[in-house]
Amino acid sequence: MTRSGTTAARVRFGTMLLAVVLALMTAGCGSIDGRPAPGPAQVRVTVQPEPSSPPVSPGSPVGVSVTGGQLRDVALTSADGKRVPGELSPDRLRWTPSAALAFGTTYTWSGTAVDSEDRTAPVTGKLSTLHPRELLHPKLNIAAGSTVGVAGPVLLQFDGHVADRAAAERALTVATSVPTEGSWGWLQDDNGGSRAFWRPRQYWAPGTTVTVTGKLYGVDLGNGSFADADTDTRFTIGRSQVTKADIRSHQLVVVRDGAEVARYDASYGKESDPDRNTHSGIHVITEKFTDKRMTNQQYHYDVMEKWAVRMSNNGEFIHANPETTGVQGSANVSHGCVNLSTEDAKAYYDSALYGDPVEVTGSSIPLSSRDGDIWIWTVDWPTWQSLSALGAR
């Protein structure tokens, strides 16, 4: 072989050796021993809301999620160093707070996510919650564990005006152990703020368990107002007790679970004076007093009466009145209340529950919105449904 041939062979051999080395390096991802060289993590971390978002309501969705790996640890910390409690999903793909965020606060995310090759990505970012113009507090009228009469409505009362009633109503649910058709209805503001009643289409079925849930905290109620709390309750409908009050009969009849259990001589409002009528319509028992002061400037009286059971916010009670005992059962002479003897009034007082209906008939003056709180059973069902901020459903 000539010298020039030998040189060409050496060049070919060198080229082949370089190709083998490059192939080995490629097969080993940059490592001759076959171990993969470190590369960027494949895991992707997403925080909600995005760090660039403007301040959000504390009721907005908040959390961390990951794709291509799992979360190792997550913390959401306020400026004063307090960590928000949270829960990591069983598959470690999502972390969500288990406690509410505060209004007007900035929080910082921290933590780590890791992929299958043990490569990590940080959990970072900040989120801020807004400063509301006004906070409104919601309150339900029925305490948890209560036993309620078959006409008892649920009342949600706010301590200020709710401009966006639909937003508030969307946060409310009513669940019943017995299928029950019902609806929310918003009445005129009273007691310092907006209010909504939930009533069934017909009287509750006795024994029904009712669970009311209001996921209201952080809900935008309009005009810069936000709800400052959730609210909920769970109660049971008791026996069916319906009081029949026909003013023409001068009797008060108590029907329990379909059977008459009591009949009392009574004196109703004086029909000849429109300001003294006992109003016709379905009233609802709301309060009971062993002693109740009753005053009326128009008729110049200020008296204490025993065993008073409120059936309307217009001043109508079922109560003892010894002064009218002589005409109870024969004449109507009261100022609108239902007068009973002391013994009968005590018996009725002992039997009455919040939510018991009192069906008054025979009066020329109907119960109406002028009578205050619970006149809702005088409204026909289609009209009541129209009072829902979400319409008939």
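Below: a short report on this structure. (Residues numbered from 1 in each chain as written. Predicted model: local features only at pLDDT ≥ 70, side-chain atom pairs only at ≥ 80, totals over all residues. Heavy atoms only, no water.)

**Focus: the side chain of Thr-243**
- Tracing the sequence through the fold places Thr-243 in strand 20 (residues 241-246).
- What Thr-243 contacts, discounting residues up to four positions off in sequence, is Leu-252, Val-253, Val-254, Tyr-348, Pro-357, Val-358 and Glu-359. (Helix = DSSP H or I, 4+ residues; strand = E, 2+ residues; numbered from the N terminus. Contact = heavy atoms within 4.5 Å.)

**Considering the environment of Thr-231**
- Note on placement: Thr-231 falls in strand 19 (residues 231-237).
- Setting aside anything within four residues of it in sequence, one finds Thr-231 in contact with Pro-138, Lys-139, Leu-140, Leu-156, Val-212, Thr-213, Gly-214 and Leu-216.

**Observations regarding the nonpolar core**
- Val-154, Phe-158, Trp-184, Leu-216, Leu-221 and Phe-235 are the most contacted members of the largest nonpolar core, which has 26 residues in total.
- Contributing elements (two or more residues each) for this core: strand 12 (154-158), helix 2 (165-170), strand 14 (182-190), strand 15 (193-200), strand 16 (209-214) and strand 19.
- At 3 residues, strand 12 tops the list of elements feeding residues into this core.
- The contacts of Phe-235, once residues within four sequence positions are left out, are Ile-142, Ala-143, Ser-146, Val-148, Val-154, Thr-208, Thr-209, Val-210 and Val-212. (Core = buried A, V, L, I, M, F, W, Y, C linked by side-chain atoms within 4.5 Å. Buried < 20%, exposed > 50% of the residue type's maximum accessible area, 1.4 Å probe, protein only.)

**Some words on the packing of aromatic side chains**
- All told, the structure shown has 9 aromatic pairs when counted by the stated rule.
- By way of ring pairs, the aromatic residues Phe-103, Tyr-217 and Phe-226 are connected into one cluster.
- Sitting over the ring of Trp-377, Arg-199 keeps its end group 4.2 Å from the ring centre. (Phe/Tyr/Trp six-rings, centres within 6.5 Å; stacked < 30°, edge-to-face > 60°. Lys NZ or Arg CZ within 6 Å of the ring centre and 35° of its normal.)

**A closer look at helix 3 (residues 342-351)**
- Taken as a whole, helix 3 has its buried residues at Ala-345, Tyr-348, Tyr-349 and Ser-351. The buried residues of helix 3 all sit within an arc of 165° when viewed along its axis, so they share a single face. (Arc of directions from axis to C-beta.)

**Some remarks on unusual backbone geometry**
- The omega torsion across Gln-48 and Pro-49 is 0°, close enough to zero to call that bond cis.
- Tracing the backbone through its elements, the reader meets Pro-49 in the loop between strand 1 (44-48) and strand 2 (63-67).
- For Asn-191, which is not a glycine, the phi torsion comes out positive at approximately 55°.
- On the secondary structure map, Asn-191 appears in the loop between strand 14 and strand 15.
- Its relative accessible area of 53% is what places Asn-191 among the exposed residues.
- Although it is not a glycine, His-250 sits at a positive phi angle of roughly 60°.
- Its location among the elements puts His-250 in the loop between strand 20 and strand 21 (251-256).

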